[in-house]
Amino acid sequence: MIVWLGCALLLVSVLFLISFWRMGFRSHGDVKYPKSLPSLPVIGSLLHLGNHLPPHLLFCNLQKKYGSLYSFKMGSHYVVVVNNHEDAREVLLKKGKAFAGRPRTVTTDILTRDGKDIAFADYSPSWKFHRKMVHSALCMFGEGTVAIEHIISREASSLCQTLASFQTIPLDMAPELIRAVTNVVCSLCFKTRYKRGDAEFETMLKYSKGIVDTVAKDSLVDIFPCLQIFPNKDLDILRQSVAARDQLLYKKLKEHKDAFSGETVNDLMDALLKAKLSMENNNSNIPQDVGLTEDHILMTVGDIFGAGVETTSTVLKWAVAYLLHYPEVQKKIQEELDAKVGFERYPLLSDRKILHYTEAAISEVLRIRPVSPLLLPHVALKDSSIGEYTIPKEARVVINLWSLHHDEKEWVNPNLFNPDRFLDKDGNRLYSPNQSFLPFGAGIRVCLGEALAKMEIFLFLSWILQRFTLEVPEGDPLPDLEGKFGVVLQVKPFRVIAKMREVWKNIEITT
């Protein structure tokens, strides 16, 4: 016991000296650093961050006292928060490579096997290679191609069939939306899909929730890694969820290895297996140091699979929630669909160019409830700057997308859901009314699945609203619009009644 106490005191003393030295280093000379929250040795600014508000709202409110760019200490980590689009674009675009790093944390290391994925991996030759590989594989199903449109439309049709079978029965649409999006990503990654009630899909729902609820939330164990030696319920849930995910990924990998011919590439996992085989046989120009182990393949596929499902399905859930709150928006979308698509066919990707109000409504959902209100933290790979302020190497930089999307200087009544802000005076679509709209981030760390997500959101919503009117069940409250903070801003559960529109009750379309 005495030995443990002595070690703890020694650790605290060392951390105190390091923190004191860093604070002193930043307070001398002519170098100008962002204004900082008060900071104490060891714990940093944690006492000033303790608040009932979720981080994106807290960071937004702190602007009133510290300005739109400020800093604080998260334990020993120096963190800079960006709340305006000028600074955000400098970090993401103008100086993208300087700020392309990612922090290593306990929870993300568990999730990614020490950073062998894409989203949480640090900037490196290995990361660039894997991102390029995934981008190439996704290009097989590139935007506007018949292949991806067929896959999404197939799942939209299946989703509509499920809604038609419920009619006046209240339904939680979340699992149905997740399954539809999952099947699209499964087709890209594994060339498979799930039917309603599939046991493997239910397992996937469970482990995905465990991951979203526990990873990358700046919990105490991520701030003070030494705390992982103590019992931790969240870490236990995360490890169990990751183990369930990995069991599924191993199964898919074995199936692909057994069937792989070395020539035909049917999906993302085939593409990665082919690259691995070429590297092992020295038949490629792939640098040997980039790393292409089975762990890399599993984590890369898992990353695309997990992130691609969670983000897109969350946007769809927010869209449904807002349409229930604003039935007049739903009606205008349906009127546009009736006028421009008609009743003899279902919506196509090419209709995005003519369905201006539908696209505007989707953009407004992405603005008012950004799926990731705080973009994943960036790390300065060298001493740099943001505006007039010096940013030291290894500083963590957090882009508060919520602040950008709710900036009263850039948006009129930002808390009001108003698709018209994405339309010009003639009713034509404005893709970005101002530079504060960055729903998928930007630069070299931009969301890899942006194009796919936009296609899915458009087709799923337009197919649903063409045929159904969404209503709140009698006696149920309107959906909660605050959300639950995590890796994504989660929608709290709610029920829907999907009523077949009268005009569609006797229409049959052969697809």
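All of the points below concern the structure found in this document. Nothing here was measured: the structure is a model prediction, and the numbers come from that model.

### A closer look at the packing of aromatic side chains
Right, on to step 1. Applying the stated criterion across every chain, the model contains 14 aromatic pairs.
Right, on to step 2. Geometrically, the ring pair formed by Tyr 346 and Trp 504 is stacked, given 6.1 Å between the ring centres and 15 degrees between the ring planes. Of this pair, Tyr 346 sits in the loop between helix H14 (327–340) and helix H15 (356–368) while Trp 504 sits in the segment after strand S9 (497–500), placing them 158 residues apart in sequence. Residue Tyr 346 shares its accessibility class with Trp 504, and that shared class is buried.
Right, on to step 3. Among the aromatic residues, ring-to-ring pairing joins Trp 318, Tyr 322, Tyr 326 and Phe 417 into one connected group.
Right, on to step 4. Lying over the aromatic face of Trp 411, Arg 367 brings its terminal NZ or CZ to 5.3 Å of the ring centre.
Right, on to step 5. In this arrangement the basic side chain of Arg 369 is found over the ring face of Trp 318, its NZ or CZ atom lying 5.7 Å from the centre.

### A look at the sheet that holds strand S1 (residues 35–36)
Right, on to step 1. A sheet is described by the order of its strands in space; here 5 strands give the open sequence S1-S2-S3-S7-S4, paired in mixed fashion. Single-partner strands in this sheet number two, and they are S1 and strand S4 (378–379).
Right, on to step 2. Bridge count between S4 and strand S7 (residues 396–399): 2 bridges; the pairing is antiparallel. The partner of Val 379 across the bridge, within S7, is Arg 396.
Right, on to step 3. Sheet strands in contact with helix H3 (residues 55–66) are S1, strand S2 (69–74) and strand S3 (77–82), and its direction is about 115 degrees off that of S2.
Right, on to step 4. Contacts between helix H4 (residues 85–94) and the sheet are confined to S2, S3, S4 and S7, with S7 contributing the most and set at about 125 degrees to the helix.

### Quick look at the pattern of salt bridges
Right, on to step 1. Scanning all chains against the criterion turns up 31 salt bridges.
Right, on to step 2. Close ionic contact of Lys 95 with Glu 90 constitutes a salt bridge, the shortest N to O distance being 2.7 Å.
Right, on to step 3. By relative accessible area, Glu 90 is classed as buried at 12%.
Right, on to step 4. Close ionic contact of Arg 179 with Glu 176 constitutes a salt bridge, the shortest N to O distance being 3.3 Å. Taken as a pair, Arg 179 and Glu 176 lie in helix H8 (residues 174–189) at a separation of 3 residues, close to a single helical turn.
Right, on to step 5. Residue classification places Arg 179 among the buried residues on the basis of a relative accessible area of 5%.
Right, on to step 6. A network of salt bridges, in which partner residues are shared, links Arg 113, Arg 245, Asp 246 and Asp 295.

### Comments concerning empty space enclosed by the protein
Right, on to step 1. Applying the stated criterion across every chain yields a total of 2 cavities of 30 Å³ or more.
Right, on to step 2. Counted as a void, the largest cavity has a volume near 70 Å³.
Right, on to step 3. Every residue along the wall of the largest cavity is listed here: Ala 319, Leu 323, Ile 333, Thr 358, Ala 361, Ile 362, Val 365, Phe 417, Leu 461 and Leu 465.
Right, on to step 4. By residue number, the principal contributor to the lining of the largest cavity is H15, which donates 4 residues.
Right, on to step 5. Of the residues assigned to the lining of the largest cavity, the class counts are 9 nonpolar, 1 polar and no charged.
Right, on to step 6. For the second largest cavity, the calculated volume is near 30 Å³.
Right, on to step 7. In terms of lining residues, the second largest cavity is bounded by Thr 311, Thr 312, Val 315, Leu 366, Val 371, Phe 440 and Ala 453.
Right, on to step 8. Residue contributions to the lining of the second largest cavity peak at 3 residues, all from helix H13 (residues 294–325).

### Considering a nonpolar patch on the surface
Right, on to step 1. The grouping of Leu 220, Leu 227, Ile 229 and Phe 230 at the surface amounts to a nonpolar patch, some 400 Å² of accessible area in total.
Right, on to step 2. Of the residues examined, Ile 229 reaches a relative accessible area of 57% and is grouped as exposed.

### Here we look at the nonpolar core
Right, on to step 1. Ranked by internal contacts, the top residues of the largest apolar core, which has 71 residues, are Met 173, Phe 460 and Leu 470.
Right, on to step 2. Elements with a contribution of two residues or more to this core: helix H7 (146–166), H8, H13, H14, H15, helix H17 (450–467), strand S8 (468–471) and S9.
Right, on to step 3. Looking at which element gives the most residues to this core, the answer is H17, with 11 residues.
Right, on to step 4. Those residues in contact with Phe 460 that lie beyond four places of it in its chain are Ile 152, Glu 155, Ala 156, Leu 159, Ala 180, Val 181, Val 184 and Leu 316.
Right, on to step 5. Counting 45 residues, the second-largest nonpolar core is a separate cluster that includes Tyr 207, Leu 235, Leu 248 and Phe 260.

### Topic: the pairing of S2
Right, on to step 1. For S2, a buried count of 6 out of 6 residues is recorded, marking the element as mostly surrounded by other parts of the structure.
Right, on to step 2. Burial along S2 is two-sided: Leu 69, Ser 71 and Lys 73 and Tyr 70, Phe 72 and Met 74, pointing in opposite directions, are all buried.
Right, on to step 3. Pairing of S1 with S2, which is carried by 2 bridges, proceeds in the parallel orientation. Bridge pairing links Ser 36 to Ser 71 in S2.

Conventions adopted
- Per chain, residue numbering runs from 1 following the sequence as it is written.
- In view of the model being predicted, local features appear only for residues whose pLDDT reaches at least 70, and side-chain atom pairs are presented and counted only at 80 or more, with totals across whole chains, interfaces and linings using the full set of residues.
- Only hydrogens and water are set aside when side-chain values are computed; all heavy atoms of the structure are taken into account.
- Ring geometry is summarised as follows: Phe, Tyr and Trp rings, the Trp one being its six-membered ring, pair when their centres sit within 6.5 Å, and such pairs are stacked at plane angles under 30 degrees, edge-to-face over 60 and tilted between the two.
- For the purposes of this entry, the term helix denotes a DSSP run of H or I that reaches at least four residues, the term strand denotes a run of E that reaches at least two, and both are numbered from the N terminus.
- Three labels apply to residues, based on accessible area from a 1.4 Å probe with only protein chains included: buried if under 20% of the type maximum, exposed if over 50%, partly exposed otherwise in between.
- Each ring is checked for a lysine NZ or an arginine CZ that lies within 6 Å of its centre and within 35 degrees of its normal; such an atom marks a charge sitting over the ring.
- Note on pairing: two strands pair once DSSP finds at least 2 bridges between them.
- By the convention used here, residues are in contact when the closest approach between their heavy atoms is within 4.5 Å.
- Every axis in this analysis is a line fitted to C-alpha atoms, fitted for helices over the stretch in contact. Angles between the N-to-C directions lie between 0 and 180 degrees.
- The salt bridge definition used is simple: a Lys or Arg side-chain nitrogen within 4 Å of an Asp or Glu carboxyl oxygen.
- The way it works is a 1 Å grid over only the protein atoms, where trapped points that fit a 1.4 Å probe form a cavity and open points with protein on both sides within 12 Å along at least five of seven lines form a pocket, and then any residue with an atom within 4 Å of a point lines it.
- Grid points are joined across faces, edges and corners, and a volume is the space filled by probe spheres set on the points.
- In this count, Pro and Cys sit with the nonpolar residues alongside Ala, Val, Leu, Ile, Met, Phe, Trp and Tyr, while Asp, Glu, Lys and Arg are called charged and the others, Gly among them, polar.
- The residues that make up patches have over 30% relative accessible area and no salt bridge, and they are joined within 9 Å when like-charged or within 5 Å when they are Val, Leu, Ile, Met, Phe, Trp or Tyr.
- Surface accessibility in these figures is a Shrake-Rupley result with a 1.4 Å probe; residues are shielded only by whichever protein chains are displayed.
- To qualify as a nonpolar core, a set must consist of buried Ala, Val, Leu, Ile, Met, Phe, Trp, Tyr and Cys residues joined through side-chain atoms within 4.5 Å.

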